[in-house]
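Listed below are the residues making up each chain.
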Amino acid sequence: MVGREIACESCMPMYRTISRFVTAILAAAASIGITAADAGEFVVKATTIPEMKAVFGQVESRIVVPARARIGGSVRDLRISQGDEVKEGQAIAVVVDDKLALQLNAADAKIEALNSQLTNSRVQLERAQQLRASGSGTQVSLDQAKMQFEVATNQVAAAKAEKTVIEQSAREGTVFAPATGRVLTVPVTLGSVILPGEDIARIAPGPYYLRLSLPERHAGEIVQGSDVLVGARGLTTAPGQLPAAHRGRIVKVYPEIVDGRVIADVEVEGIGDYFVNERTLVSIPVGKRTVLAVPLQAIRTIHGVDYVRVATSAGDVDVAVILGEAVEDDGQRRTEILTGLHDGDRIVLP
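Small disclaimer: the values here were computed from a predicted structure and weren't measured.

Draft legend 1. Main features of the overall build of the protein chain. In terms of helices and strands, the protein chain carries three helices and 21 strands. Scored against the burial criterion, the 350 residues of the protein chain give a buried share of 31%. Sequence-distant contacts, at least 24 apart, represent 73% of the contacts inside the protein chain between residues at least 6 apart. Entry remark: accessible area of the protein chain is about 21300 Å², with carbon and sulfur atoms responsible for 55%.

Draft legend 2. Representation of the packing of aromatic side chains in the model. Taken as a whole and assessed by the stated rule, the structure comprises zero aromatic pairs. Over the ring of Y209 we find R62, and its NZ or CZ is 4.2 Å from the ring centre.

Draft legend 3. Molecular detail of helix α2 (residues 98–134). With 37 residues, α2 extends 55 Å between its outermost C-alpha atoms, agreeing within 8% with the 54 Å of an ideal straight helix rising 1.5 Å per residue. All of the buried residues along α2 are L100, A107, I111, L114, L118, S121, L125 and A128.

Draft legend 4. Structural view of the sheet that holds strand β4 (residues 73–78). Read from one edge to the other, the open sheet built from four strands follows the order β7-β6-β4-β9, with strand pairing classed as antiparallel. Across the chains shown, the open sheet's two edge strands, defined by having one partner strand only, are β7 (174–176) and β9 (193–194). Two elements, β4 and β9, share two bridges in a ladder whose sense is antiparallel. In the strand pairing of β9, S74 is matched with V193.

Draft legend 5. Main features of the side chain of S121. By the secondary structure assignment, S121 is in helix α2. Ignoring sequence-local partners within four residues, the contact set of S121 consists of Q148, F149 and A152.

Draft legend 6. Spatial organisation of the sheet that holds strand β8 (residues 181–185). With antiparallel pairing, the four strands of this open sheet are ordered in space as β3-β10-β8-β5. Each having just a single partner strand, β3 (65–68) and β5 (85–86) make up the two edges of the open sheet. As paired elements, β8 and strand β10 (residues 199–204) share three bridges and run antiparallel to each other. Each residue of the ladder has a partner; that of R182, found in β10, is A204.

Draft legend 7. Structural detail: helix α3 (residues 139–171). The end-to-end C-alpha distance of α3 is 48 Å, a good match for the 48 Å that 33 residues give at a rise of 1.5 Å each. Buried within α3 we find L142, A145, A152, V156, A159 and I166. Buried residues along α3 sit against α2.

Draft legend 8. The side chain of D265, seen in detail. For D265, the location among the structural elements is in strand β14 (residues 261–268). A polar side-chain atom of D265 sits 2.4 Å from a polar atom in the side chain of R211. For D265, the side chain forms a polar contact with the side chain of Y254, separated by 2.7 Å. Beyond its immediate chain neighbours, meaning those up to four positions away, D265 contacts R62, Y209, L210, R211, R249, I250, V251, K252 and Y254.

Quick notes on the rules
Residues numbered from 1 in each chain as written. Predicted model: local features only at pLDDT ≥ 70, side-chain atom pairs only at ≥ 80, totals over all residues. Heavy atoms only, no water. Helix = DSSP H or I, 4+ residues; strand = E, 2+ residues; numbered from the N terminus. Buried < 20%, exposed > 50% of the residue type's maximum accessible area, 1.4 Å probe, protein only. Contact = heavy atoms within 4.5 Å. Areas by Shrake-Rupley, 256 points an atom, 1.4 Å probe, with all protein chains shown as cover. Phe/Tyr/Trp six-rings, centres within 6.5 Å; stacked < 30°, edge-to-face > 60°. Lys NZ or Arg CZ within 6 Å of the ring centre and 35° of its normal. Expected span 1.5 Å × (residues − 1). Pairing = 2+ DSSP bridges. Polar contact = N/O pair within 3.5 Å; in protein donor to acceptor, adjacent residues only side chain to side chain.

What follows is the structure in structure tokens.
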């Protein structure tokens, strides 16, 4: 008996520890119960949203300008390739005509010969002036010497002008970018022989836009000014989330139906990083529908089944639901509920 009392007295510290632990658990449970009781609610309301249809749009540039050669010859230097970004006035190629060098040499030789004739004419003129001043020369000889000097002077000036034209032609062998933009095509290579006016490159300065081609049945639903969503590259999204996208606007709907397709143009800000003629997914409004949507945090998944807790007069009830796609309601991202809820249901939020 004494041994039992001693044993019980030795167990008292352990009992006190267990008692404190149980008290803490009960207090935590009580606080959890208060938190659950004070949880927020969300009232389900039927919302009308646009019915979106996913189609492919093709990126195009409103302006495509060619960089052309101003002279004929062979391409000696090519400083660009497809996809490069160029600035307006940037030298992108050099075209050389070997005949221009020969023409320059011929022009220099012609100018040198004419300068010799000009010097001789000047001497003849000075002699005629001296003879006329001394009275031994005639006026006719003086006038003839003046005429020959003027002719030689004009011939030298004309030869220098011809040389300037040749030099300018040689300088025009450098091809400059006509605008700031992206190089689409370069149809020449080093050593290519080209004629004046041929394209060295095609440059797209933008602005970029999307060209849509839709089935004829949507002709009455496509409205100019409607908002669209342009999907990110890859076209993949996480389940239950809206795709990362750019917002755009339909700026033009063409009145002619071609091969059973309606053509429309969409302007999108920040689409310059796409390639010209690249295809990307576009969601366009083709109608309206009514949905029931709840916040994402209201959905709980247990053993692969989705549940939403609904507040009723008899207490909270977990209702199994079938989820639809992610939608936007009043600027908030929510999840569409296909079955299981009704308009006006009160949802308990965690």
